[in-house]
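Structure assessment
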Amino acid sequence: MDLDAVRTFVAAADAGQFQEAAAALSITQQAVSKRIAALEKDLEARLFTRTARGARLTIDGQAFLPHARELLRAEERADASVRPGRRALRIDVVSRRIASAVLLQDFHRMRPEILLDVVALLSADVDAAVAAVEAGTIDATFHAVAPQLHLPDAIRTARVIDESHQLLVGPRHALANARTVTPAQLVGHRIWMPGIAAGTEVAAYFDELAAAFGLTLDFIGPVFGNEALLAEIADSAELATLVGERTRYLWPDSYDLRRIPVRGPALIYPLSLIWRDDNPHPALAEFRDYLGSRRPSPPNTESWTPTWAQWSARS
């Protein structure tokens, strides 16, 4: 069905005259008549009766009018679903617990009128995430991006998050009462991090971290979810794990878990925003500016990052 003809029909029904409908649509009265005639031919029904005062809807025209309005509303919704600035900005935060999700939520609080579609592609490594951005499945994502990673021509990245790690332990752990810990103090303690897939950028980060400080990082074990991990750590005098400073966890008060900053040096996990440089969504540019304004200054304290992610000055 010709939606221009449907739009003309609704305009003529509202105006009650073809001449006024033509003026409202910025077309000629002859064009209005032709569109209405074509629509009546398609529907095999007469929609208007001409009178001395203008055009009056027939019974068939009255029956068709609410459906015509709904067709135009459906057209608007379809247009809005893909038009930059009218559809929701689709951002992959990887996990709804980590710093990327926290920053996106902060952005939403500042600009609640911007529609967001928040997804968490937990199983996607950086290559899969880049492919999703390139294909347009998502507008942007957060991942650690090594300089040697080959990126498609259209893809751009910017380092926007430097997340410090904390040690998470239960009340019976040997380090439970420490205010801060150094990486040297973690030597000999079992740091349990089940579910980190080999070959991912996360695994590469922790492999280099373990080698740099002689740490025992245990990636082995079935993954039963965060709740089960927290319960195990709370009940153990030996298990510990590393969490991001801004990572969000909830647990019962009875667990008495302790989050202890790692210092001397601080352990920094770098995250970059990944997007297409030809993405026209205006909210994406605004979100990038927001992340740039929130990027921390170079740390005042001693810090460690993997060799491929040494601190670079803000551009």
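Residues numbered from 1 in each chain as written. Predicted model: local features only at pLDDT ≥ 70, side-chain atom pairs only at ≥ 80, totals over all residues. Heavy atoms only, no water.

1. With respect to the overall build of the protein
Heads up, the condition is: Helix and strand definitions follow DSSP, with helices as H or I runs of at least four residues and strands as E runs of at least two, each counted in order from the N terminus. Radius of gyration means the value over C-alpha atoms here, while the globule rule gives 2.2 Å times the residue count to the 0.38 power. Each residue gets one of three labels from its accessible area relative to the maximum for its type: buried under 20%, exposed over 50%, partly exposed in between, using a 1.4 Å probe on protein chains only. In this description, contact between two residues means that some pair of their heavy atoms is separated by no more than 4.5 Å.
The helix and strand inventory of the protein stands at nine helices and twelve strands. At 29 Å, the protein has a C-alpha radius of gyration far larger than the 20 Å of a compact globule built from 315 residues. Overall, the C-alpha framework of the protein stretches about 95 × 45 × 30 Å when taken along its three principal axes. Put simply, the protein has 315 residues, and 43% of those count as buried. Counted over contacts in the protein with a minimum sequence separation of 6, partners at least 24 positions apart contribute 73%.

2. Re the packing of helix α2 (residues 18-25) against helix α3 (residues 29-43)
Put simply, the test is: Here an angle of 0 to 180 degrees is reported between the N-to-C directions of two axes, which are lines fitted to C-alpha atoms, with helices fitted over the stretch in contact. Angular relationships are summarised with four words: roughly parallel below 35 degrees, roughly antiparallel beyond 145, roughly perpendicular across 65 to 115, and oblique for the angles in between. Gly is placed with the polar residues, together with every amino acid not listed as nonpolar (Ala, Val, Leu, Ile, Met, Phe, Trp, Tyr, Cys and Pro) or charged (Asp, Glu, Lys and Arg).
Two numbers describe how α2 lies on α3: the axes approach to 8 Å, and their chain directions differ by 105 degrees. Taken together, α2 and α3 sit at an angle that is classed as roughly perpendicular. Residues Phe18, Gln19, Ala21 and Ala22 of α2 pack against Gln29, Val32, Ser33 and Ile36 of α3. Here the residues of the contact of α2 with α3 are counted per class, giving five nonpolar, three polar and no charged.

3. Comments concerning the packing of aromatic side chains
The following threshold applies: Pairing of aromatic rings covers Phe, Tyr and Trp, the last through its six-membered ring, and needs centres within 6.5 Å; plane angles under 30 degrees mean stacked, over 60 mean edge-to-face, and all others mean tilted.
Inspection of every chain in the model, using the stated rule, returns ten aromatic pairs. Plain terms: the ring middles of phenylalanine 213 and tryptophan 304 are 5.9 Å apart, the flat faces sit at 70 degrees to each other, and that makes the pair edge-to-face. Placement of phenylalanine 213 in helix α7 (residues 201-213) and of tryptophan 304 in strand β12 (residues 303-304) is noted, with a sequence separation of 91 residues between them. Judged by relative accessible area, phenylalanine 213 falls into the partly exposed class, the value being 21%. Site record: aromatic cluster; members linked through ring pairs are Tyr205, Phe206, Phe213, Tyr269 and Trp304.

4. Observations concerning the pattern of salt bridges
The condition that has to hold: Salt bridge, as used here, is a side-chain nitrogen of Lys or Arg placed within 4 Å of a carboxyl oxygen of Asp or Glu.
Overall, the coordinates contain 16 salt bridges when judged by the stated rule. Residue glutamate 75 pairs with arginine 7 through a salt bridge whose shortest N-O separation is 2.3 Å. Here glutamate 75 is found in helix α4 (residues 59-82), whereas its partner arginine 7 is found in helix α1 (residues 3-15), with 68 residues between them in sequence. In this structure, arginine 246 engages glutamate 163 in a salt bridge whose closest nitrogen and oxygen atoms are separated by 3.0 Å.

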